[in-house]
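A closer look at the structure
The primary structure of each chain is shown beneath.
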Amino acid sequence: MALSPAVTTLGDNSNEVFLDVAKLLLTYADNILRNPNEEKYRSIRIGNPTFSTKLLPIKGAVECLFEMGFEEAETHLVFPKSASVEQLKLIRDSIAAERDRRQRGGQPVQPATAQAVSPSASVSPSSSSSAPESSAAAASSQPVTPPPSQPSSLENSMSFFLTLQSNFQHVMLYENPELQQKARSQIPHQQLSSAAEHKLKEAKEADPECKLGMEDFLVLELLRWFKQDFFSWVDCLPCSQCKGKTQNTTALSPTPDDSRWGAQRVENHYCQSCQLSTRFPRYNNPEKLLETRRGRCGEWANCFTLCCRALGLEARYIWDSTDHVWTEIYSLSQRRWLHCDSCENGCDKPLLYEVGWGKKLAYVLAFSKDQVVDVTWRYSCKHPEVLSRRTRVQEAWLLHTITGLNVSRQQTLSPDRKKELMERLLVELVEFISPKKPKPGELGGRNSGSLAWRVARGETRKADAGTSTQAAGFVFTPTEKEKSDRLLHVRYSATKDQYCRVSNDSEVVQSWDQCVWRKESVFRKVEDDWQMVYIARTEGSSVGKISWKFDFSPAGMKIKSLSITASSQTFHSGKVCWQLQAGQSATEFSGDGKTQSFQSLSGSTEFIVVAALSGGEEEETSWQHSQLFRRSLKETEESSFEVLIHLEDA
């Protein structure tokens, strides 16, 4: 009988150690096989002295349990009812065969008799909804050499170790060819590729020195499609009977089918009107998520990472100990890993969580089919603060454990692939040394989820919570070409969510907030059901403001003529006030989509365009009653906002 990777590693221990651990592992397995309906035999408490002293320190031992089908819970290892008994028996027999070979004096030794090992019957589900749990369908993880010294808290280190093991196993699901094909069948690959090719061409025309590649633009298109067309966010499901609002109350027990798809937790979305409970299983299997296409950050990142792998993108799953998850994709053209958050349709904004959301980061880990990397430092510009919070395990222990995982997983890789991974890691380590300054796109709070949910998690913009955030950002100043042509011409397309600087060889800038001077309580809303997009104020805010600044004084120029085209729409008692501010003067103008000229600004060297959103009826939906740049996603219009300035020497 061929030995599994974990049993092979277990066999690297001394004969005495192997036989002692084998006896314990066989006992765990035989208890389940002989008492399949006894819940107490299906869980092993991490703090159990037998487990923590006789099994945990031995290389290959915990890996054998994972290969049998055990999964991680908060304080236990659990063998779920959905796990394969055949797989359990296969690993059990492999261990027994190796034990017999070592003990054989002529005749095989009979299997050890089952003995209860005092497993605890109580099982607590994992507290982190966002971390993928292990699955019997996941590829077996490779063994890990035990660390030379344990942190002061054995239970803390074991819990962290299980998180590493669980995530490292889970990402192997994304490598299943059949599952990748199932994902590809739902992705409009040709459509996304065509759009990416078009945008790459535009970028090359605007900047012949552009180093971006086709994959970079495909990533942007995949993010947009996933958020706008494919996946949907769930705070609370509407009542399945009356379609009214529900409230997330006490958890429900998972059914066998729920457990089959990795849903260890089932939320009870209770309707106060008709007293009906609507079940919301938190599925953890990406195959199931291709069908349900809904959830919160855990489901989003889980399914999106699969979609990336299905398209051949090199992707890894990012786990954050402060309860969020996302994806990273390797850019071959840029030779670096790109942060990608499918919930936010955000790319390359790694400081978004610490700076924008106010997260107190501690551990951020990347998991791919080939390695685990501690990428915490990419997501922080406050390294000393983060280091002070990293107290869960000792740094030396974490480094040793991650190294062991990587060495084991990479045993079958070619020398060239190992060299490539090492070179990438060295580039990352150099990147981590110097904290970066936040970009304008990283200053905002979270968009996904209801206001109440974001406030509860402390991930709102400061303006959402009632204070005034007036962070200065981008300023339009003339380039050398615009100075020469004496023209500055900018367009913003709501459907494409991009600025086109027509006067500068049609330079393109992605994302509505990248060219904004100041913003307060506003965000870009995409209505998947109505296929509409617009900028609105955030939920719960009475006023939202956004402005764009133009300054010609650094170029020694002034305005000769100015025209602006702006569009806005209101509903009920919603209001949008457009202003043109220059020095101490302010001129109001309409946002009816018609071009308006402003001769009064001739001779000025700077101005600011401001839009203020307010009013509206019904407190819960009033934020939708004043909108900027409302457009159908199916439209091909070129601009929703346009500024044309002819310049002359000051």
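Calculation criteria
Residues numbered from 1 in each chain as written. Predicted model: local features only at pLDDT ≥ 70, side-chain atom pairs only at ≥ 80, totals over all residues. Heavy atoms only, no water. Phe/Tyr/Trp six-rings, centres within 6.5 Å; stacked < 30°, edge-to-face > 60°. Buried < 20%, exposed > 50% of the residue type's maximum accessible area, 1.4 Å probe, protein only. Lys NZ or Arg CZ within 6 Å of the ring centre and 35° of its normal. Axes fitted to C-alpha atoms, helices over the stretch in contact; angles between N-to-C directions. Helix = DSSP H or I, 4+ residues; strand = E, 2+ residues; numbered from the N terminus. Parallel < 35°, antiparallel > 145°, perpendicular 65-115°, else oblique. Left-handed = near helix turned anticlockwise from the far one by under 90°. Contact = heavy atoms within 4.5 Å. Pairing = 2+ DSSP bridges. Salt bridge = Lys/Arg side-chain N within 4 Å of Asp/Glu carboxyl O. Arc of directions from axis to C-beta. Polar contact = N/O pair within 3.5 Å; in protein donor to acceptor, adjacent residues only side chain to side chain. Patch = residues over 30% accessible without salt bridge, like charges linked within 9 Å, V, L, I, M, F, W, Y side chains within 5 Å. Areas by Shrake-Rupley, 256 points an atom, 1.4 Å probe, with all protein chains shown as cover. Nonpolar A, V, L, I, M, F, W, Y, C, P; charged D, E, K, R; others polar. Expected span 1.5 Å × (residues − 1). Disulfide = S-S within 2.5 Å.

1. Some details on the packing of aromatic side chains
One pass over the full model with this rule turns up 34 aromatic pairs. Judged by centre distance (4.9 Å) and plane angle (85°), the rings of tyrosine 353 and tryptophan 357 are edge-to-face. There is no split in this pair, since tyrosine 353 and tryptophan 357 are both buried. An aromatic cluster is present here, built from Tyr492, Tyr499, Trp548, Trp578, Phe589, Phe598, Phe629 and Phe641 joined pairwise through their rings. The positively charged end of lysine 288 is found above the aromatic ring belonging to tyrosine 283, 5.4 Å away from the centroid.

2. Comments concerning the packing of helix α2 (residues 15-34) against helix α4 (residues 61-68)
The angle between the axes and the distance between the axes are what describe a pair of packed helices. Where α2 contacts α4, the axes come no closer than 11 Å and their chain directions differ by 25°. The angle between α2 and α4 places the two elements in the roughly parallel class. Crossing of α2 against α4: the hand is right-handed. Along the contact surface, α2 presents Val21, Leu25, Tyr28 and Ala29, while α4 presents Ala61, Cys64, Leu65 and Met68.

3. A few points about the sheet that holds strand β1 (residues 43-45)
Taking strand neighbours across the sheet as the criterion, the 3 strands line up as β1-β3-β2 in an open arrangement whose pairing is antiparallel. On the outer flanks of this sheet lie β1 and β2 (71-72), each paired with one strand and no other. Judged from the 2 bridges that link them, β2 and strand β3 (residues 76-78) form a sheet pairing that is antiparallel. In the sheet register, glutamate 72 faces β3, and the bridge partner there is leucine 77.

4. Points about the pattern of salt bridges
Per the counting criterion, the structure on display carries 43 salt bridges. Ionic pairing is found between aspartate 258 and arginine 279, a salt bridge with its closest N-O pair at 2.5 Å. One end of the pair, aspartate 258, is in helix α10 (residues 256-260); the other, arginine 279, is in strand β7 (residues 277-281), and 21 residues separate them in sequence. One salt bridge connects arginine 424 with glutamate 420, and the closest N-O pair in it is separated by 3.2 Å. A residue pair is termed a helical-turn pair when its members lie 3 or 4 positions apart in one helix, as arginine 424 and glutamate 420 do in helix α16 (residues 415-433) at 4 residues. Look at the salt bridges and you will find they share partners, linking Glu314, Lys369, Asp370, Arg417, Glu420 and Arg424 into a network.

5. Description of helix α7 (residues 177-184)
Leu179, Gln180 and Ala183 are the residues of α7 that are buried. Down the axis of α7, the buried set is contained in an arc of 100°. They therefore lie on one face. Exposed and oriented more than 90 degrees from the buried face of α7 are Pro177 and Glu178. Buried residues along α7 sit against α11 (286-292) and α12 (297-310). The opening residue of α7 is asparagine 176, an N-cap whose side-chain oxygen sits 2.9 Å from the backbone nitrogen of glutamate 178.

6. Overview of the environment of serine 568
In this structure, serine 568 sits in strand β23 (residues 557-570). By relative accessible area, serine 568 is classed as partly exposed at 24%. Sequence separation between serine 568 and leucine 613 is 45 residues; the distance between their C-alpha atoms is 9.7 Å. A polar side-chain atom of serine 568 sits 3.1 Å from a polar atom in the side chain of tryptophan 578.

7. Some thoughts on the sheet that holds strand β14 (residues 372-374)
Pairing within the open sheet is antiparallel, and its 6 strands lie in the order β12-β11-β10-β9-β13-β14. The open sheet has two edge strands with one neighbour each: β12 (346-347) and β14. Sheet topology note: the strand β9 (residues 315-320)/strand β13 (residues 364-367) ladder contains 4 bridges and is antiparallel. Its bridge partner being in β13, aspartate 320 is matched across the sheet by valine 364. Along the sheet, α12 makes contact with β9, β10 (324-331) and β11 (336-341), crossing β10 at roughly 20°.

8. Re a nonpolar patch on the surface
A contiguous nonpolar surface patch, about 290 Å² in accessible area, is contributed by Met422, Leu426 and Leu429. Locating leucine 429 in the fold gives a position in helix α16. Judged by relative accessible area, which is 44%, leucine 429 ranks as partly exposed.

9. Details of the pairing of strand β16 (residues 487-493)
A large share of β16 lies buried, amounting to 5 of its 7 residues. Pairing between β16 and strand β29 (residues 641-649): 6 bridges, direction antiparallel. Bridge pairing links leucine 487 to histidine 646 in β29. Here β16 folds back onto strand β17 (residues 498-501) in antiparallel fashion, the turn holding 4 residues, of which aspartate 497 has a positive phi close to 50°.

10. Some words on the environment of lysine 211
Mapped onto the elements, lysine 211 comes out in the loop between α8 (189-206) and α9 (214-230). Each C-alpha atom, one on lysine 211 and one on serine 333, is 6.5 Å from the other, the two residues being 122 residues apart in sequence.

11. A short note on the packing of α8 against α9
Where α8 meets α9, the closest approach of the two axes is 8 Å, and the angle between their N-to-C directions is 130°. Compared by their axis directions, α8 and α9 come out oblique. Note that α8 runs across α9; the crossing there is right-handed. Residues Leu192, Ser193, Ala195, Ala196, Glu197, Lys199, Leu200 and Ala203 of α8 form the contact with α9, whose own contacting residues are Met214, Phe217, Leu218, Glu221, Leu222, Arg224 and Trp225. In terms of residue class, the contact of α8 with α9 is made up of 10 nonpolar, 1 polar and 4 charged.

12. Some words on helix α15 (residues 395-409)
Over its 15 residues, α15 runs 21 Å from end to end, which matches the ideal 21 Å to within 8%, given 1.5 Å per residue. Turning to α15, its buried residues are Trp397, Leu398, Thr401, Ile402, Gly404, Leu405, Asn406, Ser408 and Arg409.

13. Some remarks on the state of the cysteines
For the structure shown, the criterion picks out 0 disulfides. Here cysteine 307 stays unpaired: no disulfide links it, and the sulfur of cysteine 303, its closest cysteine neighbor, is 4.5 Å away. Residue class for cysteine 307 comes out buried when judged on its relative accessible area of 0%.

14. Regarding the environment of leucine 88
Tracing the backbone through its elements, the reader meets leucine 88 in helix α5 (residues 85-103). As for leucine 88 and alanine 29, which are separated by 59 residues in sequence, their C-alpha atoms are 6.9 Å apart.

15. Considerations on the side chain of threonine 305
Within the secondary structure layout, threonine 305 lies in helix α12. Residues contacting threonine 305, with those up to four places away along its chain left out, are Tyr174, Ala315, Arg316, Tyr317 and Thr327.

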